[in-house]
Amino acid sequence: LLALDDAASKDDYFDPASGAWDVDGLKDDLRLAKAAAAAPPVQPAQPVQAATPAQPAAAARQVGEGESLFAELLALDDAASKDDYFDPASGAWDVDGLKDDLRLAKAAAAAPPVQPAQPVQAATPAQPAAAARQVGEGESLFAELLALDDA
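Participant: Help me out: how do you make sense of the pattern of salt bridges in this one?
Facilitator: Once the charged atoms of two side chains with opposite charge are near each other, the side chains can pair. Under the definition given, this model contains three salt bridges. Residues lysine 27 and glutamate 137 are paired through a salt bridge, measuring 3.0 Å at the closest nitrogen-oxygen approach. In this pair, lysine 27 is assigned in helix H1 (residues 23–38) and glutamate 137 in helix H4 (residues 128–150), connecting sequence segments 110 residues apart. On the basis of relative accessibility, which here comes to 34%, the residue glutamate 137 falls in the partly exposed class.

Below, the structure written as structure tokens:
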């Protein structure tokens, strides 16, 4: 996962207080990252700028494009939030961010379905063997991610 997504962090998947790994989360994110890596590359994102008086037509096009892209993303990912892409103070959309996330959502939609994630629970005295297997599987998956990063 780290080789495919340098923003991934062990802290996102491992709870040191309980010693529990979010194995399902690791599997889901690894699947999504692999699907995204197989998709065609995207142009580097350009910073979003607020419209200046000399740019009203371009700003209007950006607003229309931003709304259209967000609607398309929302159809693929109902967890998408307008707050992640639209700055109400400037009235500007992060069109490049929308395009990137839309590409990822389309790649994920084309990937085979994943079983629903099960919540990670801390081990109870009645579950020591299951917890040990989960910790082992979590460590194994994280090691696989690290190995991909080194490759």
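Further notes follow.
Participant: Looking at this structure, how should I read the nonpolar core?
Facilitator: Where a protein is soluble and globular, its nonpolar side chains tend to be buried together. Grouped together as the largest cluster of nonpolar side chains are twelve residues: Leu1, Leu2, Ala8, Tyr13, Trp21, Val23, Leu26, Leu30, Ala33, Leu141, Phe142 and Leu145. Looking at this core element by element, the count peaks at four residues for H1. Apart from the residues within four sequence positions on either side, leucine 145 is in contact with Leu1, Leu2, Ala3, Leu26 and Leu30. The next biggest cluster of nonpolar side chains, apart from the first, holds ten residues, and it includes Phe70, Tyr85, Trp93 and Leu98.

Participant: Quick question: what am I supposed to make of H1 here?
Facilitator: Since there are 3.6 residues in each turn of an α-helix, residues three or four apart along the chain are aligned in direction. Look at H1: 23 Å from first C-alpha to last across 16 residues, which is about the 22 Å you get at 1.5 Å a residue. Regarding H1, the residues found buried are Val23, Gly25, Leu26, Asp28, Leu30, Ala33, Ala35 and Ala36.

Participant: Would you mind showing me how to read the packing of H1 against helix H3 (residues 95–110) here?
Facilitator: Between two packed helices, the angle of one axis relative to the other and the distance separating the axes together describe the packing. Remark: H1 packs on H3, axes separated minimally by 8 Å, with the N-to-C direction vectors making an angle of 110°. Classified by the interaxial angle, the pair formed by H1 and H3 is roughly perpendicular. On H3, the residues that touch Arg31, Leu32, Ala35 and Ala36 of H1 are Arg103, Leu104, Ala107 and Ala108. In the contact of H1 with H3, the residues fall into six nonpolar, no polar and two charged.

Participant: Any chance you could explain the packing of aromatic side chains here in plain terms?
Facilitator: Inspection of the entire model under this criterion finds five aromatic pairs. Ring geometry for tryptophan 21 versus phenylalanine 142: centroids 5.5 Å apart, planes at 40°, classification tilted. Of this pair, tryptophan 21 sits in strand E2 (residues 20–21) while phenylalanine 142 sits in helix H4, and the two are 121 residues apart along the sequence. Judged by relative accessible area, tryptophan 21 falls into the buried class, the value being 2%.

What counts, and at which threshold
- Sequence order as written defines residue numbering, which begins from 1 separately in each chain.
- Residues qualify for local features only when their pLDDT is at least 70, as the model is predicted, and side-chain atom pairs are given and counted only at 80 or more; totals for whole chains, interfaces and linings, by contrast, use all residues.
- Each side-chain value is derived from all of the structure's non-hydrogen atoms; neither hydrogens nor water enter the calculation.
- The salt bridge definition used is simple: a Lys or Arg side-chain nitrogen within 4 Å of an Asp or Glu carboxyl oxygen.
- Counting from the N terminus, the helices are the DSSP runs of H or I reaching at least four residues and the strands are the DSSP runs of E reaching at least two.
- Buried means the residue's accessible area, taken with a 1.4 Å probe over protein chains only, is under 20% of the maximum for its type, while exposed means over 50%, and partly exposed covers the values in between.
- Note on terminology: a nonpolar core comprises buried Ala, Val, Leu, Ile, Met, Phe, Trp, Tyr and Cys residues joined through side-chain atoms within 4.5 Å.
- By the convention used here, residues are in contact when the closest approach between their heavy atoms is within 4.5 Å.
- Given the number of residues in a helix, its expected span is that number minus one, multiplied by 1.5 Å.
- Every axis corresponds to a line fitted to the C-alpha atoms, with the helix fit spanning only the stretch in contact, and the corresponding angles, defined between N-to-C directions, vary from 0 to 180 degrees.
- With respect to orientation, any angle under 35 degrees is reported as roughly parallel, any angle over 145 as roughly antiparallel, any angle of 65 to 115 as roughly perpendicular, and every other angle as oblique.
- In this classification, the charged set is Asp, Glu, Lys and Arg, the nonpolar set is Ala, Val, Leu, Ile, Met, Phe, Trp, Tyr, Cys and Pro, and all remaining amino acids, among them Gly, are polar.
- Classification of ring pairs rests on two measures: the distance between centres of Phe, Tyr or Trp rings, Trp counted by its six-membered ring, which must be within 6.5 Å, and the angle between planes, read as stacked under 30 degrees, edge-to-face over 60 and tilted in between.

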